[in-house]
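Survey of secondary and tertiary structure
Residues per chain are reported as follows:
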Amino acid sequence: MRVCKFGGAALRDGEGFRRVKEIAAEDGSRQIIVPSAPGRRDGGDEKITDLLYACQTAAEAGRGFGHLFDRIAGRYREIAAALRLPAPDDDLREIFGGLRWGASPAWAASRGEWLCGRLLAAYLEMPFVDAASVIRFDAAGNLLERDTMELLRRMPVPCVLPGFYGADGLGTVHTFPRGGSDVTAALAAAARNADVYENWKDVRGVFAADPELVPDAQCVTAMSYRELRALSALGARVLAEEAVAPVRRAGVPLTVRSFLEPRHPGTRIGPAFGGQPAAEAIGVTGRRGLRLYRLERLDGGETLARSALEAGLPLFKLAVDADALCLALRGDEPLPEALQALSERVWQHRAASVSAVGEGLRRADGAARFAAALSAAGVRAYSLHMPPDGLYVTAVIPEADFARSVTALYDAFIRR
Ligand code: ASP
């Protein structure tokens, strides 16, 4: 059995719904379909979720929101008309009424997935399961994972299960953070021990580098969960950790595929490789906007490190010497005064990080090759680090050298 999640890009219009139907119909094992709310159709367009939040804000402030709501209603009516489904007027009236009578932001936003799911279920001729009945939160809005798993195990399939929201024991609706439909689908795939969790996007899969920096970056065929985790922790914009953890724990493989090119196999992410040796590196990534500090104090490295950890800084890397502490921090926050006061000298620089990720890096003498590639590109790294398990190599470099470094590492490890 497969669990398929379709994002807002896939469900942005009637044409998108048609593609989803084709994909769902092509393989009878696609039995749980998890939709997001309709997304943007073009640059000037708005996501339904954003419009719903805007309606709720206006309603709460006592302002009129009819003009905003008309845009939402128009989108759903257009989709229904394109699919030759009856206009969802009763459902729209219910949402409008809820907003007027003081709905919470979570309830308002959740209606995007709810109504999209209802339309999709009608169009696919599959039963609809309201996520409020199977995704369980506590009253404070924290997911109750064990209860949710149990409810999902008993859920009738096949079905359309809208993403992003659930409810507490009293029926109050709560949502996951933005993009949370990925989490709903991951929970369903884990609970039902699916053969695979298919996450359908408007890109082919996970790219071996950011296509903005490496325009011909290839799509990674296969990687391990550990590699995916490292790639996203080191800067790549891939699936959020909460969306991966349930399937990783359950040992369910995940594929990222394109609804625009359903024949393309996309990227397969699994617990391990089927006996094949891991690729040397599966991707190159990085992070701009770091600040690199070297704080000096005779015999005070550890004192400085303790103080830095207590300050809860947005830490990217930390290295301690006898007489100094090196910190790479994300963002532009100034260093806390207490830490500066402890230091005899503070040296700082705008920096970026670049990393290569791959289970095979250790075997392939990755750190030496990584350093050689940067050096050949004329980049002088401030620091270089490979953890003992060899899963990645990362360097902190001058920020101005970022793009050049990513290209050089891509050429050295992926293109070859
Ligand atoms: N519709 C929600 C959002 O825009 C959730 C999702 O797309 O997964 O964040």
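To start, this report covers the structure provided alongside it. Predicted model, so just to flag it, every value in this text is computed and none were measured.

1. Description of the overall build of the protein
Looking only at helices and strands, the protein has 13 helices and 15 strands in total. Its C-alpha atoms give the protein a radius of gyration of 24 Å, within 12% of the compact-globule value 22 Å for 416 residues. On the principal axes, the C-alpha backbone points of the protein span a range of 70 × 50 × 40 Å. A buried classification covers 50% of the 416 residues belonging to the protein. Taking the intrachain contacts of the protein between residues at least 6 apart in sequence as the baseline, contacts between residues at least 24 apart amount to 73%. For the protein, the accessible area works out to roughly 18800 Å², and carbon and sulfur atoms hold 49% of it.

2. What to know about the packing of aromatic side chains
Each aromatic ring pair is summarised here by two numbers: the centre-to-centre distance and the angle between the ring planes. Within this structure, the stated rule accounts for six aromatic pairs. A centroid spacing of 5.1 Å and a plane angle of 65 degrees characterise the contact between F69 and F96, whose relative ring orientation is edge-to-face. On the criterion of sequence distance, the pair formed by F69 in helix α3 (residues 66–82) and F96 in helix α4 (residues 89–100) is long-range, its members being 27 residues apart. Between F370 and F413 the ring centres are 6.4 Å apart and the planes differ by 45 degrees, which places this aromatic pair in the tilted class. With F370 in helix α12 (residues 366–376) and F413 in helix α13 (residues 402–415), the pair connects residues that are 43 residues apart, well separated along the chain.

3. Brief notes about empty space enclosed by the protein
Evaluation of the coordinates by the stated rule reveals one cavity of 30 Å³ or more. Volume-wise, the largest cavity comes out at about 30 Å³. What lines the largest cavity is L313, P314, L329, R330, E333, P334, L335 and P336. In terms of residue class, the lining of the largest cavity is built from six nonpolar, no polar and two charged.

4. Examining unusual backbone geometry
The omega angle of the peptide bond from V157 to P158 is 0 degrees, so this bond is cis rather than trans. Take P158: it is sitting in the loop between α6 (145–154) and β3 (159–160). Backbone geometry at D299 places phi at a positive 60 degrees, although glycine is not the residue there. Tracing the chain through its elements places D299 in the loop between β10 (283–296) and α10 (301–310). A positive phi angle is found at D365, which is not glycine, with a value near 55 degrees. By the secondary structure assignment, D365 is in the loop between β13 (345–357) and α12.

5. Notes on the pattern of salt bridges
As enumerated under the stated definition, the model contains 36 salt bridges in all. Between R178 and D50 there is a salt bridge, and its shortest N-O distance comes to 3.0 Å. Taken together, the positions of R178 in the loop between β5 (173–175) and α7 (181–191) and D50 in helix α2 (residues 48–60) put the pair 128 residues apart, joining distant regions of the chain. Owing to a relative accessible area of 46%, R178 belongs among the partly exposed residues under this scheme.

6. Section: the layout of surface pockets
Considering only enclosed or pocket space, the second largest pocket measures out at about 240 Å³ in volume. Surrounding the second largest pocket, 17 residues form its lining, L292, A319, C326, S383 and V396 being those nearest its centre. Elements that contribute at least two residues to the lining of the second largest pocket include exactly β10, β11 (315–320), β12 (324–330), β14 (383–385) and β15 (392–398). Classifying every residue of the lining of the second largest pocket gives twelve nonpolar, three polar and two charged.

7. Quick notes on the sheet that holds strand β1 (residues 2–6)
Two orientations exist for strands paired in a sheet by backbone hydrogen bonds: parallel and antiparallel. The seven strands are arranged β3-β2-β1-β6-β8-β9-β7 in an open sheet whose pairing can be described as mixed. With one partner strand each, in any of the chains shown, β3 and β7 (222–224) form the two edges of the open sheet. Across two bridges, strand β2 (residues 30–35) lies against β3 in parallel orientation. Within the sheet, the bridge partner assigned to I32 lies in β3 and is C159. The sheet contacts of α7 involve β1, β2 and β6 (196–201), and relative to β1 the element is tilted by about 175 degrees.

8. A closer look at the site of the ligand
Around the ligand, the neighbouring residues are S36, T49, E113, F164, R178, G179, G180 and S181. Contact between the ligand and S36: an oxygen atom at 3.3 Å from a side-chain N or O atom of the residue. In the environment of the ligand, an oxygen atom lies 2.9 Å from a nitrogen or oxygen atom belonging to the side chain of S181. Starting from 260 Å² of accessible surface for the ligand in isolation, the protein chains cover 91%. A breakdown of the residues in the shell around the ligand according to their chemical character gives one nonpolar, five polar and two charged.

9. Description of α3
In this model α3 runs 24 Å from its N-terminal to its C-terminal C-alpha over 17 residues, within 8% of the 24 Å that 1.5 Å per residue would give. Of all the residues in α3, the buried ones are L68, F69, I72, A73, R75, Y76, I79 and A80. Relative to the axis of α3, the buried residues are bounded by an arc of 150 degrees and lie together on one face. Relative to its buried face, α3 has exposed residues pointing more than 90 degrees away, namely H67, D70, E78 and A81. R84 occupies a position one or two residues after α3 and carries a positive phi of about 55 degrees.

10. A word on the sheet that holds β10
The strand order β11-β12-β10-β13-β15-β14 describes an open sheet built from six strands, whose pairing is antiparallel. This sheet does not close on itself; its edge strands, each paired only once, are β11 and β14. Strand-to-strand twist across the sheet, computed as the mean angle between neighbouring axes with direction ignored, equals 25 degrees. Pairing analysis gives seven bridges linking β13 to β15, with the strands arranged antiparallel. Of the residues in β15, the one forming a bridge with S355 is T394. Of the strands in this sheet, β10, β13 and β15 touch helix α8 (residues 225–233), which is tilted by about 55 degrees from β10.

Analysis parameters
- Residues numbered from 1 in each chain as written.
- Predicted model: local features only at pLDDT ≥ 70, side-chain atom pairs only at ≥ 80, totals over all residues.
- Heavy atoms only, no water.
- Helix = DSSP H or I, 4+ residues; strand = E, 2+ residues; numbered from the N terminus.
- Rg over C-alpha atoms; globule rule 2.2 N^0.38 Å.
- Buried < 20%, exposed > 50% of the residue type's maximum accessible area, 1.4 Å probe, protein only.
- Contact = heavy atoms within 4.5 Å.
- Areas by Shrake-Rupley, 256 points an atom, 1.4 Å probe, with all protein chains shown as cover.
- Phe/Tyr/Trp six-rings, centres within 6.5 Å; stacked < 30°, edge-to-face > 60°.
- 1 Å grid on protein atoms, 1.4 Å probe; cavity = no way out; pocket = protein on both sides within 12 Å on 5 of 7 lines; lining within 4 Å.
- Points joined across faces, edges and corners; volume = space filled by probe spheres on them.
- Nonpolar A, V, L, I, M, F, W, Y, C, P; charged D, E, K, R; others polar.
- Salt bridge = Lys/Arg side-chain N within 4 Å of Asp/Glu carboxyl O.
- Pairing = 2+ DSSP bridges.
- Axes fitted to C-alpha atoms, helices over the stretch in contact; angles between N-to-C directions.
- Near = heavy atom within 4 Å.
- Polar contact = N/O pair within 3.5 Å; in protein donor to acceptor, adjacent residues only side chain to side chain.
- Expected span 1.5 Å × (residues − 1).
- Arc of directions from axis to C-beta.

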